[in-house]
Amino acid sequence: MQYNKEKQLRYDSAYLKMAQEWAKLSHCYRKRVGALIVKDRMIISDGYNGTPTGYDNCCEDDKGDTLWYVLHAEANALTKIAKSNHNADGATLYITLSPCKECSKLILQAGINRVVYINGYKDSSGLDFLTESGIELTQIENLDEQK
């Protein structure tokens, strides 16, 4: 059993590192977030936070506040699935920042059963909702320490 936990941790860490790379594609200045959705050891979708297609890439207003229409990384990844022939039933979401309460509803509705994240969002109500909904949560903060 220990071997399986160690192997899962290696996979989790690798996917989170990939999500960190994906976050670098974001044009947002305040926060860059990346997400991957993995099912059966296959990446079925990806996303990063940013503006909707056709909008200017600027994510913040003149005061530095995030514009209301900026999509979160997990929302972007989920909408990509909606346009594909994949579904997220039983999938794992890997994300660099834990989900907000709005995205948590989307995660549950999409059928994702596991969320692995690095940093906690300032408001934990999204994580609380996912826990109450029976979704497995795993936080891995120190990726560099994982082998």
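Model, not experiment: these values are computed from the prediction.

Asks: Which parts of the structure should I look at to understand the state of the cysteines?
Replies: Each disulfide consists of a covalent bond between the sulfur atoms of two cysteine residues. Overall, the coordinates contain one disulfide when judged by the stated rule. Each disulfide pairs two cysteine sulfurs, and for Cys-28 the partner residue is Cys-59, the sulfurs being separated by 2.3 Å. Where Cys-28 bonds to Cys-59 through sulfur, the torsion about that S-S bond is close to -70°, and the disulfide is left-handed. Pair noted here: Cys-28 is in the loop between helix H1 (2-23) and strand E1 (34-39) and Cys-59 is in the loop between strand E2 (42-48) and helix H2 (73-82), with a separation of 31 residues, a long-range link. For Cys-28, a relative accessible area of 2% translates into the label buried. Cys-100 forms no disulfide, and the closest cysteine sulfur to it belongs to Cys-103, at a distance of 3.8 Å. According to the relative accessible area criterion, Cys-100 is buried, its value standing at 10%. Since its relative accessible area comes to 5%, Cys-103 is described here as buried.

Asks: Hey, could you run me through the environment of Leu-67 in this one?
Replies: One can find Leu-67 in the loop between E2 and H2. Expressed as a C-alpha distance, the spacing of Leu-67 and Ala-110, which sit 43 residues apart in the sequence, is 25 Å. Ignoring any residue separated from it by four or fewer positions in sequence, one finds Leu-67 in contact with Cys-58, Cys-59, Glu-60 and Asp-61.

Asks: Please clarify how the environment of Cys-100 should be interpreted in this entry.
Replies: Along the chain, Cys-100 falls in the loop between strand E3 (92-97) and helix H3 (101-110). When the C-alpha atoms of Cys-100 and Phe-129 are compared, they prove to be 9.6 Å apart, with 29 residues separating the residues in sequence. Once residues lying within four places of it in the same chain are set aside, the contact partners of Cys-100 are His-72, Glu-74, Tyr-121 and Gly-126.

Asks: Sorry if this is basic, but what is going on with helix H4 (residues 125-132) here?
Replies: What sets the pattern is the α-helix's 3.6 residues per turn: residues three or four places apart point alike. Here H4 has its buried residues at Gly-126, Leu-127 and Leu-130. Take H4 and look down its axis: the buried residues cluster within an arc of 95°, on one side only. The exposed residues of H4 that point more than 90 degrees off its buried face are Thr-131 and Glu-132. One or two positions beyond H4, positive phi appears at Gly-134, with a value near 85°.

Asks: How do you make sense of the sheet that holds E2 when you look at a structure like this?
Replies: Sheets are built from strands paired through backbone hydrogen bonds, the pairs being either parallel or antiparallel. In spatial order, the strands read E2-E1-E3-E4-E5; together these five strands make up an open sheet with mixed pairing. Since the sheet does not close on itself, it has two edges, and those belong to E2 and strand E5 (136-139), each with one partner. Between one strand and the next, the sheet's axes are offset by a mean angle of 20°, whatever the strand orientation. Note: E3 against strand E4 (residues 114-119), five bridges, orientation parallel. Across the sheet, the residue bridging to Leu-93 is Val-115, located in E4.

Asks: Sorry if this is basic, but what is going on with the pairing of E3 here?
Replies: Along a regular strand, successive side chains alternate from one face of the sheet to the other. Burial analysis of E3 places six of its six residues in the buried class, which makes it a mostly covered element. The sheet contact formed by E1 and E3 spans four bridges and is antiparallel. Counterpart to Leu-36 in the pairing with E3 is Tyr-94. Handedness of the β-α-β unit built from E3, H3 and E4 comes out right-handed.

Conventions used here
Residues numbered from 1 in each chain as written. Predicted model: local features only at pLDDT ≥ 70, side-chain atom pairs only at ≥ 80, totals over all residues. Heavy atoms only, no water. Disulfide = S-S within 2.5 Å. Helix = DSSP H or I, 4+ residues; strand = E, 2+ residues; numbered from the N terminus. Buried < 20%, exposed > 50% of the residue type's maximum accessible area, 1.4 Å probe, protein only. Contact = heavy atoms within 4.5 Å. Arc of directions from axis to C-beta. Pairing = 2+ DSSP bridges. Axes fitted to C-alpha atoms, helices over the stretch in contact; angles between N-to-C directions. Right-handed = clockwise from strand over helix to strand, strands pointing away.

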